[in-house]
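Coordinates in review
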Amino acid sequence: MLLTDFALSLDAGVLLHLRGRNGAGKTSLLEVLAGLRAPLRGQVVRPEAGLHWLGHKNGLNGDLSLIENLQYWCALQQCSAAPIVTSLERLGLARLRYRAARTLSAGQKRRAALARLLVAPRPLWLLDEPLAALDVAGLDDVGCMFDQHLQQGGAVIVTSHQPLPLADGRMRTMELS
Amino acid sequence: MWTWFHRLASPPTFYRLADRYSPWLAVLSLLLIGYGLVGGLWLAPPDYQQGDAFRIIYVHVPAAWLSLSGYVAMAAAAAVAIIWRIKLAECVVVAIAPVGASFTALALITGMLWGKPMWGKYWVWDARLTSELVLLFLYLGVLGLNRAFEDPRAGARACGLLALVGVVNVPIVHYSVEWWNSLHQGSTVSRIGKPAIAASMLWPLLSMTFGCMAFFGWAVLRRVQNDVLLRERRSTWVAALLGERKAAGHV
Amino acid sequence: MFAVFAAALRRELRLAARHKGDWLLPPLFYLIVVTLFALGGKPNDPQLSAFAPAVLWVGVLLSALLNLDRLFRADFDDGTLEQCFLGAQGAMPVVYAKLIGHWLLGGLPLSLIAAPLALQLDVPATVLPTLLAGLLLGTPMLSLIGGFAAALTVGLPRAAVLLPVLVLPLIGPVVIFGAGAARAAAAGLSAAGPLYLLASLLVAGLCLLPLAATVALRNSFD
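Worth saying up front: this structure is predicted, and the values here are computed from it rather than measured.

Here we take up the overall build of chain C. Helices and strands together make up the secondary structure of chain C, namely 9 helices and 0 strands. When the helices and strands of chain C are placed in sequence order, the string is α-α-α-α-α-α-α-α-α. In terms of overall dimensions, chain C has a C-alpha envelope of 55 × 35 × 30 Å along the principal axes. Looking at chain C alone, contacts between residues at least 24 apart form 82% of all its contacts between residues at least 6 apart. Carbon together with sulfur atoms contributes 72% to the accessible area of chain C, which is approximately 8,900 Å² in total. One finds the centroid of the 12 positive side-chain charges in chain C at a distance of 4 Å from the centroid of its 10 negative side-chain charges.

Structure follows, in structure tokens:
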């Protein structure tokens, strides 16, 4: 039991930065919000148009190429696989799309996982440490993605120990203790 | 009725109720088992066919009966735990497994001891013995699975699922083993006829059965209590309970 | 629903094509087990054929257990499983695809090589169709029960040791009916009864066990 008496509601166009020491329950909270874990009590209302979940793990099978991994993900989500290449391009992975995921660096795999956010538009993004292993250029790319998503009326909940690449009034911070 | 059910399922209420009633169960089981043992082992006359060897039924029959009904009870608790996500039912699943496994082992051992004078050897592939052996394996699977989990809640739910699949399997095992035996007709197994049992033999048997049931209930209640305390050790009601005991000089 | 199932099955087959050892080794293991069993008896012992159904069945069980603990583990470890559960149709079609894939790559080839192995063990050729029918009806059940057990233990570090203990007692009736059908045929009796029972077990298993496996997988996230 990590959190009790917890209430959170998020407006469109807002990014919520969840912070707290290790083991404070950030990941568990995100998992409950995503629907992977059932809350002990209470309820979660999720947007009808769906959400994106990006956990610690990238969800890439090492023996499949990036494009095969993303195509399979599209089949699971039953969404169009057409935007895969442009999404990979925006994260600088277009050249690597036929490489087996096993042969990529940790940062490249993280980028490939982030590319899913662009493949299917969803109003809510739940991201657990999305900046892990990213380089400076990667941080910029994620900043651009956040900015565009918020402008389109989306919302984001992020856990991160790093400062986020987005500094304006649309960002809220919440400390879990 | 429904609110009553939920109140009972709340750990503090359950703990207090179990604390109050489990000693009575213990006393009841002692009395019934005591009478059953004296009545069965001394007072009842020897069997006209089996002599004194029949007396093992006073342990064997209750144990065999409880091994099976214990498994069904475990599966019922598992269904409650999985459908309504009631924590207490998860504790019950985990608590029944070792008690039920012990009774299954007892039924097997007493069955083998009885088989030596009756059938001439300790083990025959009789339908009931074989089903009982598979039941023991099913119990051991639940125990092993529970040990493998670090998180007790996830472990209890996994055990519950296994128990549910297992309970569907138990009758299938039983009938398949009977079919398997019928394919082998003419083997060593010779069923001993079941004469009507005399009252002086029957009463101790019933007393033993109910006594073992009470013991089973008592053991499970105490195990659930321990499990509840362990899981809720950080909650306020456990702290309050320990405080009470300390004040009364129990700890 | 079916599109997700088909995509997941295609992915299983594609992964198997890239890791041929995963499905080529169990038949080899099976071959070795049966050979060692024959070596354990007297040469050309006429009794061998009496035990052949039991040996062939137990050999299939042990061989199919070999790659069982990897069934869901890779997807659990790399996070694909989370994405399956959050997909449009949930994880159920994926679980069906995985279990059927496990049978296509495990139970099916093992059943097929059981036929030459049976001849090696001196099983009369007239018994072969019954033996094969029993294996083809029984091995999917093994994938279903084994998949359920693999789902229960997916997050555990030492699942490989635990899996056989969970699977083997549950599979007892399948062995009894499967090997029993072959023995009945060898004795000249009708084997239709046990084969029908196997088929009904399979139908019940196909309906219930993937559901149980899905619930067990979801449990691994908590």
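Moving on: the interface of chain C and chain A. The interface is formed by 28 residues belonging to chain C together with 24 residues belonging to chain A. The largest contributions to the chain C side of the interface with chain A come from C:Glu82, C:Gln83 and C:Leu86, which together make up 26% of the buried area. Along the contact surface separating chain C from chain A lie 2 salt bridges. Its salt-bridge partner being A:Glu68, residue C:Arg18 comes within 2.8 Å of it at the nearest N-O pair. Linking chain C with chain A are 12 residue pairs in polar contact (both at pLDDT 80 or more). Counting only elements with at least two residues in the side of chain C that touches chain A, the list comes to helix 1 (2-18), helix 4 (73-78) and helix 5 (80-85) of chain C. Top contributing element to the side of chain C that touches chain A by residue count: helix 1 of chain C, with 8 residues.

With that out of the way, let us pick up the interface of chain B and chain C. A common measure of how large an interface is: the accessible area buried when the components associate. Counting residues at the interface gives 26 residues for chain B and 24 residues for chain C. Between chain B and chain C the total buried area reaches about 2,200 Å² when both faces are included, carbon and sulfur atoms providing 79% of it. Inspection of the chain B/chain C interface yields 0 salt bridges. If you look at where chain B meets chain C, you find 3 residue pairs in polar contact (both at pLDDT 80 or more). Counting only elements with at least two residues in the side of chain B that touches chain C, the list comes to helix 5 (127-148) and helix 6 (152-183) of chain B. If one sorts the elements of the side of chain B that touches chain C by residue count, helix 6 of chain B sits on top with 15 residues. Grouping the constituent residues of the side of chain B that touches chain C by class yields 17 nonpolar, 6 polar and 3 charged.

What follows concerns the packing of helix 6 (residues 92-120) of chain C against helix 9 (residues 192-219) of chain C. Residue and element names in this part refer to chain C. At their nearest, the axes of helix 6 and helix 9 sit 9 Å apart, and the two run at 115° to each other. For helix 6 against helix 9, the interelement crossing comes out right-handed. Where helix 6 abuts helix 9, its residues Met92, Val95, Tyr96 and Leu99 lie against Leu206, Cys207, Pro210, Leu211, Ala213, Thr214 and Leu217. Across the contact of helix 6 with helix 9, the residue classes tally to 10 nonpolar, 1 polar and no charged.

With that out of the way, let us pick up the UniProt feature "transmembrane region" (unreviewed entry) in chain C. The sites that UniProt annotates as "transmembrane region" (unreviewed entry) are residues 21-41, 47-66, 99-119, 131-154, 161-182 and 194-217 of chain C. For the annotated span residues 131-154 of chain C, helix accounts for 92% and strand for 0% of the residues, and the straight-line distance between the end C-alpha atoms is 33 Å.

Right, let's talk about a nonpolar patch on the surface for a bit. All names here are of chain B. A cluster of nonpolar residues, Tyr35, Trp65, Leu202, Trp203, Leu206, Phe210 and Met213, forms a patch on the protein surface that exposes about 720 Å² of accessible area. Broken down by element, the residue count for the nonpolar patch peaks at 5 residues, all from helix 7 (residues 199-231). On the secondary structure map, Leu206 appears in helix 7. A relative accessible area of 33% means that Leu206 is categorised as partly exposed.

Residue and element names in this part refer to chain B. One pass over the full model with this rule turns up 13 aromatic pairs over all chains. On the numbers, 5.7 Å between centres and 55° between planes, the contact of Tyr15 with Trp237 is tilted. Here the residue Tyr15 occupies a position in helix 2 (residues 11-43), and Trp237 occupies one in helix 8 (residues 236-248), the gap between them amounting to 222 residues. Trp237 shares its class with Tyr15; the two are buried. On the basis of an interplanar angle of 80° and a centroid distance of 5.7 Å, the ring pair of Trp123 and Trp125 is categorised as edge-to-face. What makes Trp123 partly exposed here is its relative accessible area of 22%.

Residues and elements named next belong to chain A. Within the secondary structure, Thr159 is located in strand 4 (residues 155-159). Among the residues examined, Thr159 registers a relative accessible area of 0% and is labelled buried. Side-chain polar atoms of Thr159 contact the side chain of Asp128, separated by 2.6 Å. What Thr159 contacts, discounting residues up to four positions off in sequence, is Leu18, Lys26, Leu30, Leu127, Asp128, Glu129 and Pro130.

As a further point, take helix 8 (residues 159-186) of chain C. Residue and element names in this part refer to chain C. With 28 residues, helix 8 extends 38 Å from end C-alpha to end C-alpha; this agrees with the ideal 40 Å at 1.5 Å per step. In the structure, helix 8 departs most strongly from a straight axis at Ile171, where the bend amounts to approximately 45° and where the proline Pro173 lies between one and four residues downstream. By the criterion of burial, helix 8 is predominantly enclosed, with 20 of the 28 residues buried. The first or second residue beyond helix 8 is Gly188, which carries a positive phi of 85°.

Another point: the sheet that holds strand 1 (residues 15-20) of chain A. Residue and element names in this part refer to chain A. If you trace the 5 strands from one edge of the open sheet to the other, you get 2-3-4-1-5, paired in parallel fashion. With one partner strand each, in any of the chains shown, strand 2 (51-54) and strand 5 (171-176) form the two edges of the open sheet. If you compare each strand with its neighbour and ignore which way they point, the axes differ by 15° on average. Of the pairings in the sheet, the one linking strand 1 to strand 5 comprises 6 bridges and is parallel in character. Note on strand 5: the bridge partner recorded for His17 is Thr173.

Criteria and cut-off values
Residues numbered from 1 in each chain as written. Chains lettered and ligands numbered in written order. Predicted model: local features only at pLDDT ≥ 70, side-chain atom pairs only at ≥ 80, totals over all residues. Heavy atoms only, no water. Helix = DSSP H or I, 4+ residues; strand = E, 2+ residues; numbered from the N terminus. Contact = heavy atoms within 4.5 Å. Areas by Shrake-Rupley, 256 points an atom, 1.4 Å probe, with all protein chains shown as cover. Lys, Arg positive; Asp, Glu negative; His and termini not counted. Charge placed at Lys NZ, Arg CZ, Asp CG, Glu CD. Buried area = accessible area lost by both parts, 1.4 Å probe. Salt bridge = Lys/Arg side-chain N within 4 Å of Asp/Glu carboxyl O. Polar contact = N/O pair within 3.5 Å; in protein donor to acceptor, adjacent residues only side chain to side chain. Nonpolar A, V, L, I, M, F, W, Y, C, P; charged D, E, K, R; others polar. Axes fitted to C-alpha atoms, helices over the stretch in contact; angles between N-to-C directions. Left-handed = near helix turned anticlockwise from the far one by under 90°. UniProt positions renumbered as here; feature names shortened; annotations may be inferred. Patch = residues over 30% accessible without salt bridge, like charges linked within 9 Å, V, L, I, M, F, W, Y side chains within 5 Å. Buried < 20%, exposed > 50% of the residue type's maximum accessible area, 1.4 Å probe, protein only. Phe/Tyr/Trp six-rings, centres within 6.5 Å; stacked < 30°, edge-to-face > 60°. Expected span 1.5 Å × (residues − 1). Bend = angle between axes of the 7 residues up to and from the residue. Pairing = 2+ DSSP bridges.

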